[in-house]
Structures are given as structure tokens and as C-alpha cells.
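A structural walkthrough
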Amino acid sequence: MFSIITIAITGVLLLYLGFLKNRWIYISVAITGLITALALSVFSWNSLETSFSNMLIIDNYAIAFNSVMIFATILIFLLAPHYFKGIEKNVPEIYALLMFSLAGACMVTSFDNLTMLFIGIETMSIPLYILAGSKKFSIRSNEASFKYFIFSSLATAIFLLGITLVYGMVGSFHVGDISNYFTITKEIPSILKVGIVLLVISFGFKIAAVPFHFWAPDVYEGSPTLITAFMATVVKIAGFAAFYKLLSTCFILVPDSWHHLILGLSVLSLIIGNLAAIKQKDVKRMLAYSSISHTGFMLFAILSFNSFSASSLLYYSFAYALSTIAAFGVLMVVKNHMSADGSVQAFEGLAKKNPILAIVMTISMLSMAGIPITAGFFAKYYIFVSAIQGGWLWIVIIGILAALVGVAYYLKLIIAMFAKTSETEKIVTSPLYITSLLVATVLILIAGVLPNLIISLI
Amino acid sequence: MFQNSWLILLFPLLGFVITGIFSKKLTGKTSGIIASLMVLASFIYSATLFFQLKQITNSAISVDLFNWINSGKLSISFGFLIDPLSVTMMMIITGVGFLIHLFSMGYMHHDERVNTYFSQLNLFVFSMLLLVMSSNYLLMFVGWEGVGLCSYLLIGFWYKKNAFNNAARKAFIMNRIGDLGFIIGLIAIFTTFHSLDFNTVFSQSSHFISGEAIITFITLMLFVGAIGKSAKIPLFTWLPDAMAGPTPVSALIHAATMVTAGIYLVVRSSSLFVLAPITMDVILVVGVTTALVAAIIAVLQNDIKKVLAYSTVSQLGIMFIALGLGAFSSSLFHVTTHAFFKALLFLGAGSIIHSLQGQQDIRLMGGIRKSMPITFITFFIAVLAISGIPPFSGFFSKDEILAAAFHSSPIVWGLTVITSMLTSFYMFRLLFLVFYGSYRGDSKTFGKIHESPKIMTIPLIILAILAFAGGFLNIPVMFGGTENFATFLKPSITFFNDYNFEIPNHLNEILLALGVLLLIIVTIFVSWYIFVKKSVLPVSDSTNRGIISKFIYRKFYFDEIYNFFIIKPYQWFAEKFTSFIETNIIDSIINGIGSIVVFVGNKARLIQNGNIGFYMFVMIIAMISMIAGIIWLK
Amino acid sequence: MICAKVYTPIDYLPIMIQSFVVLGFVVTTMIATHMLGPKRNTKQKLENFECGIEGMGNARSPFSVKYFVIAILFVLFDVEVIFLYPWAVNFKELGIQGFVGVVSFSALLLSGFGYLMLKGAFDWEK
């Protein structure tokens, strides 16, 4: 609770600090605020807290996901000063909006009431419409903002309709009441089923699962890369945490009405995400499709509700956030250096010029592909184990095949960095920037060697 | 103190990381000092643990750091087992390892990749420590593999010579064959005991009766692992080839640490092995054959390091004889003394090679005892120790094994005595040919022969003291001792139910020892007569040899047999597979799948056409069909 | 309270009829006016944004949004004030906690206002 308040207040503070026109002040305030929030979040471990008349419930599940998201944001903020170098205007506003969005994300994971979930999702999304278009004079950025706004509004409308239908049948927004309803009622009216389907569909939009993914590649490609990194990690994780919590607490007793949908979303995301990624020339777009395929994997956890799936989802989120931030971090500087050319060719010869960047990128690619001793391996492993325990062997086989296809395009980048050469100059980065990338990389390796540190949390 | 025993592992790991990362920046001297200090720190910590452990009566302490792997039924903790056995091994590894590090600082100072060398040496010590400290088979296997990897790296350290690379690969492949056995053993242990933790496995092993098939299978598989790592027949041929690495590496890998891993494995699993008499017999037979065959081969070798290598194989055979007899602590005692004198021999050989500018052929040495007095004296002590002359350390350890052998079977005893006689024969042959007589090499180099620098001679001196006094650790009862070593180790080892720790009749034993001693002294005299009095020289390679002599000189044709029966057919198959199955069938399938995927991917990409209207259309269609599906389809 | 009654889709029939009627009316009207009204299409009349002045330049060029900004800000703050009414009505019942809540709410609102002032959102001239 206090960690969410801290994040929000830091956001407000940043708006005012913007008048000082000193980029080091606001970045340090932002990071201090985030670290305080992270500490507050971690220290409230094991202390169950409900607030706002049971609208929010901060349990270990919420704390774990919140901490991952706050940590991911810290890493993103460490990348920010270098990314915004030379841009003076509106940077503190961008920081503040990121903060507000994060506060919303933290609310999303800890809802105990569907209205709170709605408020959280909106708080998280609205700043992103602006952030996606924050490169004011880039047409792609404007397009991204516009598309994101349109599709998000559609999702919101569907989500509200879903809540309404559920409320109409159950008579309460409260999570506990909804799950009680299903223990009492045996025959579920089909209007309620429609409500559940609409909720699933709206989350399908949020987490970019095929066939509701169409906005994602365009928006990810068009938005400023830093914002894309935020959207691909924090927003997605929040969406997943809420999705999992919603289905596991409210609708666990009526799997008939959503199980097949999740199955379809998962299989389609795996297939379309991986296949479409293979021929992409732009790395950012490729990462967008890879993010869609990760959605497919993460849906396994929701498919196979058991004691293990929440922790496997948490581990996957952590591993995915680290590798994504590392990958986008490297992409950002490379793209900047190559005068906005983010294609695979831009990475050629990176291993010679900037070995550290190349190694960071390699490890993050290996982690995304699920190669051992990176976190990505155990992420996939645990999520597969969870699915097998739930009896979904055939879908795990599809998952493994999809992961194999995935290796192809992840390796393409590694080959470009190591096997090819180019004449371009060395890329100059700041120490803070490298620190963030190295922290992410080292954590990928640590989590890959000692998965139990995270997997045994919840 | 015990809880923090992970520090022992941390030091060499740190050394590896530091010298590895800064290998371009550090000078050879600095990295040598860092690496040596790290191992020294580990040694000091191990020694402290040793003294603490002696105070405690219930002397097996498990230290669980954290839960390492948790998957289904498999639960493995990252933990250490600190008991007399592991502490003894830790002290040998770090103690001898430290001296070898010191020696290396002198030996390797001119090498251009000296930092990499020290980094790998530290990694080696780390892996070996992990092997002996771990509290379960899986973690032990990690160390086991690490040792295999480091030996590969270090044997092939001078990678520019192709022959050295081949030697490294040979070592690695031979080890892999053994590892396969180890892995099968691990799986069998897990399916039988549902755990890989030492304490759990050993406490459950009492539920099995002696000779049960599954236990025999497990122990045989573990023994296959031990065969690979400890270089026994039939997987011993890698060890002599492994002399390609720098000489201190030979001392570290092939005398003090790596090859003892197999023995450690058997002793650690003693409570399983005592339940499998068949396996014990197999060990005994393999041990005796190896000891004898290697000793015979060593007699005709002309490369100073090859002689020592075969002597190692032979000594390891003797240790396995002790294991096969169930005399686990005697075997470990021999490991300890052998670590001292064999390390000393290798380092001495290193000192000689260093001073002779890389010359290794003993036919081109001779008469250098004047110019290298310290090397000569220490080498001489080591030769006395390995030959088993009292009161040098080798006497006590070998005597224990002989006594145990005599107790169970006179044939084994007889063969072991013959091995010992051969050992003293070829060791003194080596000593006489290298240090006595006149110099036979290039006369230009003779003037340059010099005693090695202090950094190399000090380890020699320390090791010489240990090789001399190491035997006093475990003075048998018959000489008025208390068998400290064996008593200390007793809690870690399970013995046969009817195994007799004390031999009642001391008089017999003393007589036996004296008899063997007499035989050995006669052998030494014969050796002296042939090589000093008559100054017979080994014939050069071009001379025709008799059939038996040729048979022995070519190492019983082991390499040729392997080449003909395994490598050639394998290569034939491999070639056929490449030319036919690989290119025609597999490639076309793989490439076909690949191009189909790429083709479909290219089409899938086009769905994303950027048109919001189209996107919306597809999404709405999907939504409607989902709702319809949920309502109407069950 | 009303006891829970299970609704079946058939109960929504009136609503459905109503929506059909409404939709039908709108569509019919639109089609009817389209058909009935006289059409004289000239080049000028078919132009985008036809208003009597010649169209020129790019539609994407930035233009001043000052008025809209101020209008939207007015709506924003105006709507937030609605929260004060229920508080005022229940002032006694909510007590000191309610007071603190409203004060912090107003403070946040004010800080937003202050931010806008400092940012120059109300400077009409600039």
C-alpha cells in the first residue's frame, strides 16, 4: 500500500522538479523513490494487508509481482538519462507518467474488487497513450499512440461490459463474493458465461495474445524504445498477474467457460508469434513478435492451475523482464548510433566494437530462447512442468516446437554480432547505462543457476 | 566455522575469476601470487577445520547452503559434508596444490599465457574441492565434470602443438566413458534410494542385504566412473599421454588430485561397496592387473615423465587392490603418502626438465647430481619413499596394503610384491640414469645446467620432508604406533562386517615386512648393478628389440588395439553416415522443415498490414466466434 | 431485499425489441433523408471542409490548442468538485477521517493546478 503511495507521490514530485531543469536531480529522485517503494514492498512480505474497504489486498502474490515490476522500472530508469540525452523538453513529465503507470500496475496486481481492477488498468494505460506518442514529431510514434489508444479503448469497453454482466448475475464486484457465487450456483446462466468470455478477451488485448495482438507490433515498433521496454515488461507482467489472479480466484470453479479460450490464445500466440518473428528485419519488431510468443508460454501457467503455476509465472515474468530490458537497452544505443536503423544489419560486428554490449545482448537472447544457465531456461522448464502436471502434454509439445523456431531468430542476431564485421565506430555509452545492463545480465545468470531463490517464494 | 566452509571453495573460485578476467592486464608474477594465496587461504581454512573436527566426537557435519534443484521428486541441496574423509582430501588437495602453485610460479614464468595457466589451475583446485566437499552425488558430479574439463584445458595448455591437443582430447574422451558409468550409477541410485544425498543413501543402504543385484549394478557403474578418472585398465591410456601438459600440471592432475577422485568415490560410497562382493572382486582384479601391467611397461620407458606416469598408474592399481580388499583407510593412506612423493617426483622432474631446456629423454641425461644438489636429494628421498624403504612414508602405506593382501589371498600378495619390486627397480633405474654416470646429452647444454630458483626448490624441500615423515601419520600397532590416521578416518568409512581392523599376530607381520624389504633391497642392488656398475644404457628407438621387449616397450599395444577395434570401425561408420545419411536424408529433412517454417513465417508476417480497420475486423470476428463457441459448444 | 431471480435470455426480449426499434428508426431516417433530399454536387461542394474559403496547406500542420486545453482543464476541475458535495452532506458522519481525506484530495488537486500554472498552461498570450 505504502509502496504504491510512494510511487504516486514521487510522480507528482517529479512534475514539480521538472522546473529545476537539471536532469540529474529528477533521475536521482525518481530512482530514490523507486528504491524506497521496492523496500517498502519487500518489507511488507508476509503481512497481509487490505485497504480501501477491501478494494485492495496486498498479499505475497501481489508483493512478489509488484517487486518484480518496480525492479524492472528501476532498470529502465537507469537507462533513461542516456536515452534522453540532448532532449531537454518534457523529460520529467515522461518520468512522472511512467511513475503513474507503474502505480496503476501495482494496483492491478493487488485488486480485490473488479472496480479496483478497472481503475488500476486505466491508471496504468492512460499515461501510456501519451508516452507512446511522446516523440511528438515522429509519425510512427503518433501512429503508435493512436493505435494503442483505439485498441485499448476497445479493450476497456469490452472489459467494462464483462464486469457489468458478471455484476448483473452475481450482484457484487467483490472477488470473494464472486467465487462464493460459483460454489452455491450449479447451473451457470449463459449471460454470465458471456461476461467471463468478455473479461478473458479484454485481457487478451492487454497481454497481446493472438488474435488480439494486432496492435502490439505496430505500437511496439512506433513507440520510443524506452517506452516499448516499459510496455513489454511492466505492463505485460501486470496484465498477466491480474489475469491469473482473476481466473484463479473468481472463476476457478467454472473452467468450462474459459479454459478452451486460453488454450486457443496460447497455441495461436505461440504459432503466429514465432512464425511472424522469423522473417522480421527490424529488431524491435522482431522483439515485439517474440513478446507475443512469450505470451503464449506464460498462458501455460493459467492453463494449468496448480500449486506450482503461480510461482512458475512469477519466475517467467522475472526472467522475461530482465532479458527484455537488456535486449531493448542494447537495441536503444545501437539504433541511436546507426542513425535510427534498428535492423539486424545494424548489429553486425558489435562483438568487435562493443564486446560488453554484445555479451549482454547474447545472454539476453539466449535467455529468451531458453538456453540453460540463463534464467530463460528454467522459466520455460518450470512453466512446462506446471503444464505437464496439469495434464497438458500435447500443448507442451507445441510449446517446445515453438521454442525451437524461436531459437532461429534469436540466433540470427547473435550471428550478426559475432560472425559479421562492419566499419562503424565504437558506441559510446554512460556508466549508469552499462550498470543497468550488467545488473540485468548478471541477474539472468544468477537466476539461471539458482532458480530456487525465486521459485520458492510463492 | 563449519557453516562457513563454503569459503574454502570461494577462494580458488575468486582466484580463477580474478586471474581469468584480468588475464590481459596482470603480470605473470602477480597472478601467480594471487592464485597461490587463494589456495593457501583454502588450505589454512581446511587445516582449521581439521583441528576442529578432531575435537568433535560425532564428526560428520552437513552444511546445507540452500536448496539447489527442486523438481518433482528430485530435491537436491547445495551442501557440503565435512567429515574426516573430506577434510583429509581437502588438506591434500589444497596443501599439495599450494606447493604446486608455488613451483609453477618459477616453472611457468616465461610462458606467454601464464595468467590463463594460473586461472585454470585455480579452477582445477576449485572443482576438485567441490568434488570432495559435496554432500550429494549430483554436486559431486559437477565437481567431477569440472575436474575433467580442467584436465582437458591444462593438458592441452600448449595448444599450438597438435599432438598435445590430441592428448587432451584423449583424456577427455576416456574420462567421458567413465562419466557415462557414473551417470548411470547416479540414476540407479536415485531410482533405488529416491535421493542422491550421501547421508540418506548410506543410512538406507543398511536395508539391503549383501550381494543384492541392484547394489552390485550401482557399485559397478560407479566403479566404471572411477576407472575412467583414476586411469585403470582398460581406460588408462590417457594418463601417460596426458604428460603433454606442463609438468606442474602433471604433478597436480596425475599425482595428487584428479586420479584420486576415483578412489575417493569408492571410499565415500564404501557402505554401498561392502554390500557388493562381486564388485569388490572386480576392483581387486582390475587393481592387480593394472598395477602389474603398468609396472612392467614403466621398466622400459625412456621419457622421464612417462616413467612417472606409468608408476602413477601402477601405484593407483595398488590403491585399488586395497579398496578391493576392503582396506579403505589403507588405500586412502596410500593416496596421502603417494600425493607427497609423487608430487615431489613430478616437481623434481619438472625442475630437471626446466634446467635441461625441455629435454625429457633419460637417455640424454645423466650425471647431473652435482649441478642440481637439492633436486637430487629430494628426488632421492621420493624414490626411497615410493620404493618402500623404512622409515620413508611409502613403506608404511604399502606395508599396510601388503598385510591386508596377505590376510585375504597369497596370490594377490605375491603379485603386489612383484609390483613393488618392479617399482623399486624402475624408479632406481630412473634415478641412476638421470643423476649418475656421465652426461650423455648435447655438451653445449651441459654447462647451462643449474639448480632451479628458490621458488621451485622450496616446494621440493617441503614435499621431501612430507614424503619422509608422512608415514608417521599412521604408525602401525606392531611398531608401537596408534594408527592415528585410520582411527581418524574410521567414522567416515563402512567396513566389511568381518573385516579385521587389528591383525592379532604382530610377529608374522613384522617378518613379512622384513621379507618384502629384503626383496626390494635386492632389486635395488640389481638395478644399481645394471645401471651404475655396468652402465647399461637403454637402447635407442631404432634398434631391433626382442618380441617381449618390443611388446612391453609398445605398452602392450593397448593404443593399437583400441585403434584397430574401436576407432577404425567407428570412423568407418562415421564416414558412411556423413556421406550418405547425413547429406541425403537428415539434411534434406532439416532444411525442408526449415524452409517450410520460413515460408509460412513470411506469409504470417503479411497479416500485419497496418490497417486498423482490418485489425478490428479480425478481432471482432474472433470475439464473436469465441462467445458463440462458449455458449453453444460444450 | 429482492430475492435472487435467475434471468434467462428470454427476459431480455423487451430490451432487444426496443433496441431494434431504435436502431431501425435511426437507420430508416438516415436512408430516407438521403433519398428524399435534392442533391446538386459541384466541385466546390465536394471539397473537404468546404466553408467558402480556399483550402490550402497540409492538414497535419500544428495549430494552437490553447482554447481546448483551457476548456478541458475547466471540465476536469469542475468534475472533481462534484466529490465535495457528498462529503459536505455527510460531513458529521464522516468526521475527522473524512475531513483529512477531502483535504488531501483537494491538496492533490491544487498541486495539479499549481503545476499547470507553473507550466504556463493558462498563459493565453504565449
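Quick notes on the rules
- In this numbering scheme, every chain counts its residues from 1 along its sequence in written order.
- Each chain takes a letter, starting from A, and each ligand takes a number, starting from 1, following the order in which they are written.
- This being a predicted model, a pLDDT of at least 70 is required before a residue's local features are given, and a value of 80 or more before pairs of side-chain atoms are given or counted; all residues contribute to the totals for chains, interfaces and linings.
- Note on conventions: DSSP H or I runs of at least 4 residues are helices, E runs of at least 2 residues are strands, and numbering of each starts at the N terminus.
- Comment: burial labels come from other C-beta atoms within 10 Å of the residue's own C-beta, placed from the backbone, where a count of 20 or more is buried, 12 or fewer is exposed, and between is partly exposed.
- What counts as a contact is two residues whose backbone-derived C-beta atoms lie within 7 Å of each other.
- A helix's residues, less one, multiplied by 1.5 Å, set its expected span.
- What the arc covers is the set of directions going from the helix axis to the C-beta atoms.
- Lys, Arg, Asp and Glu make up the charged group, whereas Ala, Val, Leu, Ile, Met, Phe, Trp, Tyr, Cys and Pro make up the nonpolar group; the residues left over, Gly among them, are polar.
- For the purposes of this analysis, a nonpolar core is taken to be any set of buried Ala, Val, Leu, Ile, Met, Phe, Trp, Tyr and Cys residues that are connected through C-beta atoms within 7 Å.
- Lines fitted to C-alpha atoms define the axes, with helix axes restricted to the stretch in contact, and inter-axis angles between N-to-C directions lie between 0 and 180 degrees.
- Here the angle decides the label: under 35 degrees means roughly parallel, over 145 means roughly antiparallel, 65 to 115 means roughly perpendicular, and every other value means oblique.
- One confidence number per residue, pLDDT, is output by the predictor and ranges from 0 to 100.

1. Section: the overall build of chain B
A tally of helices and strands in chain B yields 25 helices and two strands. When burial is assessed residue by residue, chain B has 52% of its 634 residues classed as buried. Restricting the contact set of chain B to residue pairs at least 6 apart, pairs at least 24 apart contribute 81%.

2. A few points about helix α18 (residues 431–449) of chain A
Residues and elements named next belong to chain A. The end-to-end C-alpha distance of α18, which contains 19 residues, comes to 26 Å, matching closely the 27 Å that a straight helix rising 1.5 Å per residue would cover. Within α18, the full set of buried residues consists of Y433, S436, L437, A440, T441, I444, A447 and G448. Down the axis of α18, the buried side of the element spans an arc of 135°, and every buried residue falls inside it. Elements that come into contact with the buried residues of α18 comprise α3 (60–83), α13 (309–337), α15 (355–369), α16 (375–389) and α19 (452–455).

3. Comments concerning the interface of chain A and chain B
With 25 residues of chain A at the contact, the number on the chain B side is 24 residues. Secondary-structure elements contributing two or more residues to the side of chain A that touches chain B are α6 (139–170), α8 (190–206), α9 (215–222) and α11 (259–278) of chain A.

4. Side note on the interface of chain C and chain A
Contacts between the two partners involve six residues from chain C, matched on the other side by seven residues from chain A. Looking at side-chain class alone, the side of chain C that touches chain A contains five nonpolar, one polar and no charged residues.

5. Topic: the nonpolar core
In terms of nonpolar packing, the biggest core is built from 199 residues, with L129, I321, A343, L344, A382 and A467 of chain B touching the most fellow members. Discounting residues that sit within four places of it in the chain, A382 of chain B has contacts with F341, L344, L345, G348, A464 and A467 of chain B.

6. Side note on the packing of helix α10 (residues 225–249) of chain A against α13 of chain A
Residues and elements named next belong to chain A. The N-to-C vectors of α10 and α13 enclose an angle of 170°; their axes lie 8 Å apart at closest approach. As the angle between them shows, α10 and α13 are arranged roughly antiparallel. Only A310, L313, S317, A321, T324, I325, F328, L331, M332 and K335 of α13 make contact with α10, whose side of the interface consists of T225, L226, T228, A229, A232, T233, I237, F240 and Y244. Of the residues in the contact of α10 with α13, the class split is 13 nonpolar, five polar and one charged.

7. Notes on the confidence of the model for chain C
Looking at chain C, pLDDT values average 82 and 90% of them are 70 or higher. Model confidence for the complex is summarised by a pTM of 0.67, with the ipTM given as 0.87.

8. Re unusual backbone geometry
V210 of chain A connects to P211 of chain A through a cis peptide bond whose omega is 5°. Residue position: P211 of chain A is located in the loop between α8 and α9. With a phi close to 65°, I373 of chain A is a non-glycine residue in the positive phi region. Checked against the element boundaries, I373 of chain A lands in the loop between α15 and α16. Even without being glycine, H194 of chain B reaches a positive phi, approximately 60°. Relative to the helices and strands, H194 of chain B is located in the loop between α6 (162–193) and α7 (198–205).

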